[in-house]
Each structure stands twice: as C-alpha cells, then as structure tokens.
Amino acid sequence: MATIPECILYIQPLNTDWYKNKVSAIDILRLDVVHKHVSGNKWYKLKENVQHCLDNNIDTLITFGGGYSNHLAATAVAAEYFGLKCIGIVRGDYSGDRMTDTLRHCIGYGMELTFVSYEEYKLKDDREWLNTLTDKYPNSFIVPEGGANELGRLGIAAIAEYISDTYTHIAVSVGTGTTLVGLVNALPEYQKVYGYVPMKGGSYLEEELNVLVNGEKCFQLFDDWHFGGFGKHTDDLVQFMNEFYSLNDIPLDIVYTAKMMYGIQKQLDANIFDKDSKLLCIHTGGLQGNSTIANKLIY
Ligand SMILES: *Cc1c(COP(=O)(O)O)cnc(C)c1O
C-alpha cells in the first residue's frame, strides 16, 4: 500500500476546563500531524487513488481545486513523492500577481497548473470535458475535487482504525463529505457521526451523502457556524482559535476545524450532549490555509 513517511498519529485529550463537566471527555485525533504538507484527511483520501495509479502504471494525476485548496497542496506533494506527474486544474486565474501561497507551493512540488474560468470549472464532473483532459494527458487518472471518489472514501477507513468503541460521538468537518461518509461506513452504527459544515446552507449535502452511506447508518450535519460562508471568518473566530490554542496547545485551521470546535462549544453550552458522552473530534489538518491570517494568530 502506498505510504508516505508518517508521524505516529495520536489522540490528545482537551483540557477539561474547555468543556467543564458538560460531557465525560473530549479528545482530538491529531491528523494534522500526519505530514507537514500532506495534511490530515487529505492523505487518507489520496492514498488509494495513488495506489490505483501505481498498480496500473498510470503516470499522471489530474485533479481540481481553488486557489487556496488544501487538496491541491496535498496532491502536489503526494504525487511528487510517488513519482507521478501532476496536473492541477484551478478555478479562476491566479497567474502573475494573483498567485497564492498555496498554488506557489503546488508549483514548487512540480504540479502543472491550468487556470480555468469559474464557468469552465463547473464542467469538472462533465464526462465530455474530462475526456478532453485525458486526451491531452494520456495515461492519466482523474481525481475529483477534494478527493471525492470511492477510492477516497475507502482510504478514510484507515482513520477509523484509530477510533476506539468507547467514543459515543465522532465529530468531523465537512467539505465534500468524503471523510464523513468514509467514517460512517467504517464505524459501528452506535457511534454517532456529527458533521460540521463551514458553508452557508451546507446541509443540502445531506441528501447527496446519504446515497453514499452503506445500509441503515446515519449521521447528522450542522451548518450554523459558517461565519459568513466558506473561507470567510470573523475576528471572533480568530480570537477563539487563539484561546483554544492557549488552553489546549492545539492549532486549528480557519476554514474547517476552528468552525467545528466553535460549534461544539456552542452545543456544549446548549447541553445537547448527554453528560456521559465521550467525544472524539477529528483534526483534519488544513493548517497551511492559515497563512492568510498568520499575523493575527499566536501560533
Ligand atoms: C478538505 C478538508 C476537510 C473536508 O474534507 P471532506 O472529505 O471533503 O469533507 C475538512 N477539514 C480540513 C482541514 C480539510 O482540509
């Protein structure tokens, strides 16, 4: 199986002051320490895709993302590591002065970027348009935006192996929902999976994701804590991140995990969990995205 040199993942208990005695425990599974650049859930979503390429002598990975995409950043590094050529199709024109740190990083790892208009990017799942890509890059394999395919969900099962059956609730951030579905499918039914969506009105994902869930298992989505929408934030959220870091010594990312932990704090305040609940929150990584607010963070 394709593997990058990994740190040993660990589970870190939160400072009990953070949740008082509202629940019996809250722990964090630190996927953010998997690798400096192939961070968190991104590696797990990629590993079976990379393996598929290696097994089938495919030499080029093609994938998609925006100018700040954690998925593009991780794919560039993983592809380079395994000697695969890598094409990133980017939503919007970031050439010249508009280049972001994330995309500069991708180029540094040998990813070849193609900027397409928002209009054209919408075709990213259109078979005909994808065929023009595979014609251009023969012997290539297309990984959808966010690693959202069956191989991506399959790779996530490896995360479930770290989750003991004593946890009553598993909390995870949701972008495409690939990580959430992968976990729901791999965990026993009695463990509740709660998904925190950082997009406005993100609960629309529920129907789409339900189709991908095996059997009778269920999950719940929460989209109240979007702070204005995907990629948006307020000073209040940044302050929360700094306080969280001071108390727990855990850096959160501004796009996903900060909004999740903020939401969980609000849910604790509202007493939505039974007192004997034991929560495991998945730190899905994404810390590279904090470069845009680096001057406001204490870490
Ligand atoms: C990409 C990302 C997610 C979303 O993962 P999905 O599998 O697309 O739902 C969550 N958290 C972080 C930090 C991410 O970078």
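Owing to the predicted nature of the structure, the values given are computational and were not obtained by experimental measurement.

So, how was this worked out
- Residues numbered from 1 in each chain as written.
- Predicted model: local features only at pLDDT ≥ 70, side-chain atom pairs only at ≥ 80, totals over all residues.
- Heavy atoms only, no water.
- Domains from an automatic or database assignment.
- Contact = heavy atoms within 4.5 Å.
- Buried area = accessible area lost by both parts, 1.4 Å probe.
- Salt bridge = Lys/Arg side-chain N within 4 Å of Asp/Glu carboxyl O.
- Polar contact = N/O pair within 3.5 Å; in protein donor to acceptor, adjacent residues only side chain to side chain.
- Helix = DSSP H or I, 4+ residues; strand = E, 2+ residues; numbered from the N terminus.
- Nonpolar A, V, L, I, M, F, W, Y, C, P; charged D, E, K, R; others polar.
- Buried < 20%, exposed > 50% of the residue type's maximum accessible area, 1.4 Å probe, protein only.

### Section: the domain arrangement of the chain
And step 1. Segmenting the chain into domains produces domain 1 (11-40 + 150-296) and domain 2 (42-147).
And step 2. Between the C-alpha centres of domain 1 and domain 2 the distance comes to 25 Å.
And step 3. Contacts between the two partners involve 24 residues from domain 1 and, on the opposite side, 23 residues from domain 2.
And step 4. Buried surface at the junction of domain 1 and domain 2, summed over both partners, amounts to about 1700 Å²; 62% is from carbon and sulfur atoms.
And step 5. Along the contact surface separating domain 1 from domain 2 lie zero salt bridges.
And step 6. Counting every contact that joins domain 1 to domain 2 gives four residue pairs in polar contact (both at pLDDT 80 or more).
And step 7. Considering each element in turn, the side of domain 1 that touches domain 2 owes the most residues, seven residues, to helix H7 (residues 150-160).
And step 8. By residue class, the composition of the side of domain 1 that touches domain 2 is 10 nonpolar, 14 polar and no charged.

### Focus: the pattern of salt bridges
And step 1. Here the structure, examined in full by the defined rule, presents nine salt bridges.
And step 2. Asp235 is the partner of Lys296 in a salt bridge, and the nearest nitrogen-oxygen pair spans 4.0 Å. Taken as a pair, Lys296 in the segment after strand E10 (278-283) and Asp235 in helix H10 (residues 235-248) lie far apart in primary sequence, 61 residues in all.
And step 3. Given the relative accessible area of 40%, Lys296 is considered partly exposed.
And step 4. Among the residues examined, Asp235 registers a relative accessible area of 56% and is labelled exposed.
And step 5. A single salt-bridge network, built from bridges that share partners, covers Arg91, Lys124, Asp125 and Glu145.

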